[in-house]
Amino acid sequence: MMNRHIIYKEIESIAKNHNIRFDEQYLRCGRGLDCGELCVDYSVLEGYILFSYDRASRTYYYSSKDKEEFLYIVFERLCIHNGFEYELKNRKSLNIFSYELNDDTRKVAFEYSLKQLREISVGWMERTFSEYERLLNIRRTNKNVYFDKQEMIFKSK
């Protein structure tokens, strides 16, 4: 019988097998009604569930009966969390008023996230990078940022 503990252990195992940092403070098993972190659950009616609460209000809710889709959503969120943790630890002095790609701190976080996603599934990396391109291009007049899949970095044309 499927339950939240089995799903959580599977996520933890996938992360470990692919050397992806698994932050138990960020992703929890079951009910975290006031912590703001993501929680994993399961119900026969809805299937696999990912949700969060902050100050007793639900801030996020996702459910799917498709296990692979659910795992993609979990790992996309876990990997971007890890990406921003990595960026923060390795932050260099940047010109925050610049529109240059290398001054955009999100670039480092997104690249790190995509490298982790690729470790699990090239398809998951492929599915995600266009959204990161879109986000990196929002403030740019030229909209010229693209992801180089060979080098695994964002570049500008």
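Caption draft 1: Fine view of the environment of F70. Locating F70 in the fold gives a position in helix α2 (residues 67-89). When the C-alpha atoms of F70 and G47 are compared, they prove to be 9.2 Å apart, with 23 residues separating the residues in sequence. Setting aside residues no more than four positions away along its own chain, F70 makes contact with I7, I11, V40, Y48, I49, L50 and Y62.

Caption draft 2: How the structure looks around the pairing of strand β3 (residues 47-54). With seven of its eight residues buried, β3 lies for the most part within the structure. Inspection of the sheet shows strand β2 (residues 38-43) paired to β3 by six bridges, in the antiparallel sense. Bridging from a neighbouring strand, C39 pairs with F51 of β3. Where β2 folds back onto β3 in an antiparallel hairpin, the turn is made up of three residues. Sheet topology note: the β3/strand β4 (residues 57-64) ladder contains seven bridges and is antiparallel.

Caption draft 3: Summary view of α2. The terminal C-alpha atoms of α2 lie 33 Å apart, and with 23 residues this matches the ideal 33 Å at 1.5 Å per residue to within 8%. Where α2 begins, one side-chain oxygen reaches toward the backbone nitrogen of E68, 3.0 Å away; that side chain belongs to D66.

Caption draft 4: Broad picture of unusual backbone geometry. Phi is positive for N19, close to 55°, though the residue is something other than glycine. One can find N19 in the loop between α1 (4-17) and β1 (27-29). N19 sits in the exposed class, given a relative accessible area of 71%. Phi at M152 is positive, roughly 60°, even though this residue is not glycine. Residue position: M152 is located in the loop between β5 (145-148) and β6 (153-156).

Caption draft 5: Quick look at the sheet that holds β4. Spatially, β1-β2-β3-β4 is the arrangement adopted by the four strands of the open sheet, whose pairing is mixed. A single partner strand is all that each edge strand has here, and the edge strands are β1 and β4. Going across the sheet, the axis of each strand differs from the next one's by a mean of 30°, ignoring polarity. Contacts from α1 reach β1, β2 and β3 within the one sheet, and its direction differs from that of β2 by about 130°. Across the sheet, α2 is in contact with β1, β2, β3 and β4; its angle to β3 comes to roughly 30°.

Caption draft 6: Quick peek at the pattern of salt bridges. Tallied over the full model, the rule gives twelve salt bridges. A salt bridge links D104 to R106; the shortest N-O distance between them is 2.7 Å. The class of D104 is buried, set by a relative accessible area of 8%. The partner of E126 in a salt bridge is K149, and the shortest N-O contact between them spans 3.2 Å. Placement of the pair is E126 in helix α4 (residues 122-137) and K149 in the loop between β5 and β6, with a sequence separation of 23 residues. By relative accessible area, E126 is classed as partly exposed at 33%. Take K149: its relative accessible area is 38%, and that puts it in the partly exposed class.

Scoring rules and cut-offs
- Numbering of residues starts from 1 in every chain and runs along the sequence as written.
- Restriction of local features to residues with pLDDT of at least 70 applies here, the model being predicted, together with a cutoff of 80 or more for giving and counting side-chain atom pairs; totals for whole chains, interfaces and linings are based on all residues.
- Where side-chain values are given, they derive from all heavy atoms of the structure, hydrogens and water being excluded.
- The way it works is that DSSP assigns letters per residue, a run of H or I at least four long becomes a helix, a run of E at least two long becomes a strand, and they are numbered from the N terminus.
- Should any heavy atoms of two residues lie within 4.5 Å, those residues are counted as being in contact.
- Relative accessible area decides the class of each residue, using a 1.4 Å probe on protein chains only: under 20% of the type maximum gives buried, over 50% gives exposed, and in between gives partly exposed.
- Pairs of strands are assigned from DSSP output, requiring at least two bridges between the strands.
- Multiplying one less than the number of residues by 1.5 Å gives the expected span of a helix.
- Polar contacts, as used here, are pairs of N or O atoms within 3.5 Å; protein pairs need one atom able to donate a hydrogen and one able to accept it. Residues neighboring in sequence count only if both atoms are side-chain atoms.
- Angles run from 0 to 180 degrees between N-to-C directions of axes, and those axes are lines fitted to C-alpha atoms, restricted for helices to the stretch in contact.
- Within this document, salt bridges are pairs made up of a side-chain nitrogen of Lys or Arg and a carboxyl oxygen of Asp or Glu, the two lying within 4 Å of each other.

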